[in-house]
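Reading the structure
Okay, here's what each chain looks like letter by letter:
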Amino acid sequence: GGTSIGQAGEFDYSGGQAIKALKEEGLEVVLMNPNIASVQTNMDAKSDTKADHTYFLPVTPDFVEEVIKKEKPDSIVISMGGQTALN
């Protein structure tokens, strides 16, 4: 059946906590997430789970390569959840 609201909440929470942990270590966080309704994409400046840079793009090889070329990250953390993981 279809995905219901909150079905992938544990992914959203774990992603937000990962952002928070990386920020606590003094790292700059670049987030690529196509789901604008995600807690991870919180744009509130006061949020401790806010990424430094957020890209609302499909997670496809071409878009990922574009972001990597622009941001030049030192490392990459990958996680899958939501509808992608449920499929």
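Residues numbered from 1 in each chain as written. Predicted model: local features only at pLDDT ≥ 70, side-chain atom pairs only at ≥ 80, totals over all residues. Heavy atoms only, no water.

Side chains of Ile 68, Ile 76 and Ile 78 sit close together on the surface and give an oily, nonpolar patch of about 320 Å² of accessible area. Along the chain, the position of Ile 68 falls in helix α2 (residues 61-71). (Patch = residues over 30% accessible without salt bridge, like charges linked within 9 Å, V, L, I, M, F, W, Y side chains within 5 Å. Areas by Shrake-Rupley, 256 points an atom, 1.4 Å probe, with all protein chains shown as cover. Salt bridge = Lys/Arg side-chain N within 4 Å of Asp/Glu carboxyl O. Helix = DSSP H or I, 4+ residues; strand = E, 2+ residues; numbered from the N terminus.)

As a further point, take the confidence of the model for the chain. For the chain, the average pLDDT comes to 77, and 66% of its residues sit at 70 or higher. Averaged pLDDT values over the elements of the chain bottom out at 55 in helix α3 (residues 82-86) and peak at 96 in α2. (pLDDT = per-residue confidence, 0-100.)

For the rest of this paragraph, the subject is the pattern of salt bridges. As enumerated under the stated definition, the model contains 2 salt bridges in all. The partner of Lys 23 in a salt bridge is Asp 52, with the nearest N and O atoms 2.7 Å apart. Taken together, the residues span a long stretch of sequence, with Lys 23 in helix α1 (residues 9-24) and Asp 52 in the loop between β1 (30-32) and β2 (53-55) at a distance of 29 residues. Lys 23 sits in the partly exposed class, given a relative accessible area of 31%. Residue class for Asp 52 comes out partly exposed when judged on its relative accessible area of 33%. Put simply, Glu 65 and Lys 69 hold a salt bridge, and the shortest N to O gap is 3.2 Å. Taken together, the residues Glu 65 and Lys 69, both in helix α2 and 4 residues apart, mark about one turn of the helix. Taking the relative accessible area as the measure of exposure, Glu 65 reaches 42% and is therefore partly exposed. (Buried < 20%, exposed > 50% of the residue type's maximum accessible area, 1.4 Å probe, protein only.)

This part is about the environment of Val 77. Relative to the helices and strands, Val 77 resides in the loop between α2 and α3. Classification of Val 77 by relative accessible area gives exposed; the value is 66%. Each C-alpha atom of the pair Val 77 and Val 29 lies 10.0 Å from the other, and the pair is 48 residues apart in sequence.

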